[in-house]
Amino acid sequence: VRREEGRLEGGTKVGHWREWHSSGRPRAEGLRQYDPRTQSSPREGQWVLYFEDGSFEARGVYRAGKREGHWDYYRHDGSLDPDLTGEYHNDQRLE
């Protein structure tokens, strides 16, 4: 079962990437950008995350691999999860 798919440049992940759960269903989709400081390719920009059943789990923006700005998190029934939905800075939910 494939776990992820995307473009490699010089051995680093760049551009649009897709990830799958071990079941083969989508897990996440978004962009990766190479960071020469860390020599890694963290998530960058808009990402969508999926539950194992294929329904939306979350959507929001990553900056240097950390959640930034408004994130919507969903419950399995498709309703917004108010405990997780909100504004994030440096991967932490703001109160």
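What you are looking at is a predicted structure, and each value in this text was computed from that prediction instead of being measured.

How each quantity is defined
Residues numbered from 1 in each chain as written. Predicted model: local features only at pLDDT ≥ 70, side-chain atom pairs only at ≥ 80, totals over all residues. Heavy atoms only, no water. Pairing = 2+ DSSP bridges. Helix = DSSP H or I, 4+ residues; strand = E, 2+ residues; numbered from the N terminus. Core = buried A, V, L, I, M, F, W, Y, C linked by side-chain atoms within 4.5 Å. Buried < 20%, exposed > 50% of the residue type's maximum accessible area, 1.4 Å probe, protein only. Contact = heavy atoms within 4.5 Å. Polar contact = N/O pair within 3.5 Å; in protein donor to acceptor, adjacent residues only side chain to side chain. Salt bridge = Lys/Arg side-chain N within 4 Å of Asp/Glu carboxyl O.

Asker: Looking at this structure, I do not really get the sheet that holds strand β3 (residues 26–32). What am I missing?
Answerer: Hydrogen bonds between backbone groups are what pair the strands of a sheet, and the pairing can be parallel or antiparallel. One open sheet holds the eight strands; their spatial order is β1-β2-β3-β4-β5-β6-β7-β8, and the pairing between them is antiparallel. At either end of the open sheet lies a strand with only one pairing partner, and these are β1 (4–9) and β8 (92–93). Across six bridges, the pairing between β1 and strand β2 (residues 12–20) is antiparallel. Bridged to Gly6 within β2 is Trp17.

Asker: When you look at the nonpolar core in this model, what are you seeing that I'm missing?
Answerer: One broad rule of soluble globular proteins: the nonpolar side chains tend to lie buried together. Judged by nonpolar contacts, Trp17, Ala28, Trp47, Leu49, Ala58, Tyr62, Trp71, Tyr73 and Tyr88 together constitute the single largest core of nine residues. Contributing elements (two or more residues each) for this core: β4 (43–50), β5 (56–63) and β6 (66–73). Beyond its immediate sequence surroundings of up to four residues, Ala28 is in contact with Trp17, Arg18, Glu19, Arg43, Trp47, Val48, Leu49 and Tyr50.

Asker: Which parts of the structure should I look at to understand the environment of Glu29?
Answerer: Note that Glu29 resides in strand β3. Sequence separation between Glu29 and His16 is 13 residues, and the spatial gap between their C-alpha atoms is 7.5 Å. Filtering out sequence-adjacent residues up to four positions away, Glu29 remains in contact with His16, Trp17, Arg18, Gln46, Trp47, Val48 and Tyr50. Within the local environment of Glu29, its side chain forms a polar contact with the side chain of His16, the two groups lying 3.0 Å apart.

Asker: Help me understand the pattern of salt bridges in this model?
Answerer: A side chain with one charge can pair with a side chain of the opposite charge if their charged atoms come near. Overall, the coordinates contain 10 salt bridges when judged by the stated rule. In this structure, Arg32 and Glu19 form a salt bridge, with 3.0 Å as the shortest nitrogen-oxygen distance. One end of the pair, Arg32, is in strand β3; the other, Glu19, is in strand β2, with 13 residues separating them in the sequence. For the residue pair Arg32 and Glu19, the accessibility class agrees, reading buried in each case. Among the ionic pairs, Arg67 bridges to Asp91, the shortest N-O distance being 2.8 Å. Within this pair, whereas Arg67 is found in strand β6, its partner Asp91 is found in the loop between β7 (86–89) and β8, the two being separated by 24 residues in sequence.

Asker: When you look at the environment of Glu5 in this model, what are you seeing that I'm missing?
Answerer: Considering the arrangement of structural elements, one finds Glu5 in strand β1. Of the residues examined, Glu5 reaches a relative accessible area of 29% and is grouped as partly exposed. Residues Glu5 and Glu19, 14 residues apart in the sequence, show an inter-C-alpha distance of 6.5 Å. A polar side-chain atom of Glu5 sits 2.8 Å from a polar atom in the side chain of Arg2. A distance of 2.5 Å separates the side chain of Glu5 from the side chain of Arg18, its partner in a polar contact.

Asker: Would you explain unusual backbone geometry in this entry?
Answerer: Peptide bonds are mostly trans, and most non-glycine residues show a negative phi. A positive phi angle, close to 55°, is found at Ala64, a residue other than glycine. Assignment of secondary structure puts Ala64 in the loop between β5 and β6. If you check the backbone angles, Asp91 has positive phi at about 75° while not being a glycine.

All we've got here are geometric facts, nothing functional implied.
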